[in-house]
Amino acid sequence: MVLNYIWVAFFLIAFAIAAIKLLFMGDFEVFPAMMDSTFSSSKTAFEISLGLTGVLSLWLGIMKVGEKGGVVNVLAKLLSPVFTKLFPDIPKGHPVTGSIFMNIAANMLGLDNAATPLGLKAMEQMQELNPKKDTASNPMIMFLVLNTSGLTLIPVSIMVYRAQMGAAQPTDIFIPILLATFFSTLSGIIITSLYQRINLLNRVILLTLGGACAVVAAIIWGFSQMSPDTMNRVSTTAANILLMTIITGFILAGVRKKVNVYDAFIEGAKDGFQTAVRIIPYLVAILVGIGVFRASGAMDMLIGGMRWCVELTGVNAQWVDAMPTALMKPLSGSGARGMMVDAMTTYGADSFVGRLSCVFQGSTDTTFYILAVYFGSVGVSKTRHAVSCGLLADLAGIIAAIAICYLFFN
């Protein structure tokens, strides 16, 4: 229902702004630009779905091998003490906990191509447990918020963009991104737990979160001892080694269980094509709405109004110039990436605005895209508090990013 209101608002606001531009400013290009955006956005949605087909088939096939080889069940048992606290509606030891863990691990390592199919597999398994098939369950929402909060340990792509834009030290945003995304994820867990009345004040959760903080601190320290080139090489190599180890491990587990690995892979891969087809209409809807909103100039007006309000208070409004990236990130990953590059081009890669844009890009994820794809893949239309929790986690990430960048770069 919330997505419905937001989607309608995109079109109504865009149309109203375009009409004002035409009637009072004589802008005859705005409506053609909006119409062009509907066609280009529809094409982009289909291309994304088409591009996902092969990756989905690969990873859903690997997951099926892992299921039949018993790996997913082993992961589920190991993680059940923590997951029974965060996902109390999921039965203890259910295979979905293994899928959730692998999705989160892939996201943390920046392996987007692997994370999406693993996440879709987890959503399908949670849908089997869901008594109301058209309504998001509590575990689904907690899982979606963990994804939209965008916890990433190794933001390789952002560092590569900074290097291409001539940054003197492309890796200088590594620690700020890690801190900002950690606060975003932690906020998402707390906010969703309050909505769902989950008690986080227990030994298992506190030890887990404390351990996560220790791991993050250790990673920060370890990478801070490396040169920029070494950091990029180590992070990329580690991610790819881990990915290949997972694939090989699943296959070996299947062989050990005397599973017909090839047939199991084909069985799972068939679901990849069907899933890719199912998400096309959801992607078309959300990307067209975002495209029209941008083409009308609504985003530019929003940023201008925000700057005016901040300047009225007398507060330093330098950070507002980086806000297009933050506001675009929940709507479109490629759009936010374009905003980030534009900020570095306009203000400089080593400027405060350029660095803050990079931290915004890495601190959260594409909330509406994730909601559209994940809920669309299982036919959920009533999202309950998923959107509000996801956006509040994004807001926490934005606030943390601004504070951290003033601490590191101002």
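Below: a short report on this structure. (Residues numbered from 1 in each chain as written. Predicted model: local features only at pLDDT ≥ 70, side-chain atom pairs only at ≥ 80, totals over all residues. Heavy atoms only, no water.)

What follows deals with the overall build of the chain. Of the regular secondary structure elements, the chain holds 18 helices and zero strands. In terms of overall size, the chain behaves like a compact globule, its C-alpha atoms giving a radius of gyration of 22 Å where 410 residues would be expected to give roughly 22 Å. Principal-axis analysis of the C-alpha atoms places the extent of the chain at approximately 70 × 45 × 40 Å. Taking all 410 residues of the chain together, 52% fall into the buried category. (Helix = DSSP H or I, 4+ residues; strand = E, 2+ residues; numbered from the N terminus. Rg over C-alpha atoms; globule rule 2.2 N^0.38 Å. Buried < 20%, exposed > 50% of the residue type's maximum accessible area, 1.4 Å probe, protein only.)

We now examine the packing of aromatic side chains. The full count for this structure, using the stated rule, is six aromatic pairs. On the numbers, 5.6 Å between centres and 70° between planes, the contact of Phe15 with Phe31 is edge-to-face. Note that Phe15 is positioned in helix α1 (residues 2–25) and Phe31 in helix α2 (residues 30–69), a separation of 16 residues in sequence. Look at Phe31 and you get partly exposed, because its relative accessible area is 26%. Pairing Phe182 with Phe183 gives two aromatic rings, centres 6.4 Å apart and planes at 65°, and the pair type is edge-to-face. Phe182 sits in the buried class, given a relative accessible area of 16%. The class of Phe183 is partly exposed, set by a relative accessible area of 41%. (Phe/Tyr/Trp six-rings, centres within 6.5 Å; stacked < 30°, edge-to-face > 60°.)

Here the focus is helix α8 (residues 174–196). Given a rise of 1.5 Å per residue, 23 residues ought to cover 33 Å, and the 33 Å separating the end C-alpha atoms of α8 matches this to within 8%. Looking one or two places after α8, you find Arg197, whose phi comes out positive at around 60°. (Expected span 1.5 Å × (residues − 1).)

A few words on the packing of helix α12 (residues 280–295) against helix α17 (residues 367–378). Interhelical geometry of α12 versus α17 gives an angle of 160° and a closest axis separation of 8 Å. On the basis of their axis angle, the class for α12 and α17 is roughly antiparallel. In this structure, α12 crosses over α17, and the sense of that crossing is right-handed. For the pair α12 and α17, the contacting residues are Tyr282, Leu283 and Ile286 in the first and Phe368, Tyr369, Ala372, Val373 and Gly376 in the second. When grouped by side-chain class, the residues that make up the contact of α12 with α17 number seven nonpolar, one polar and no charged. (Axes fitted to C-alpha atoms, helices over the stretch in contact; angles between N-to-C directions. Parallel < 35°, antiparallel > 145°, perpendicular 65-115°, else oblique. Left-handed = near helix turned anticlockwise from the far one by under 90°. Contact = heavy atoms within 4.5 Å. Nonpolar A, V, L, I, M, F, W, Y, C, P; charged D, E, K, R; others polar.)

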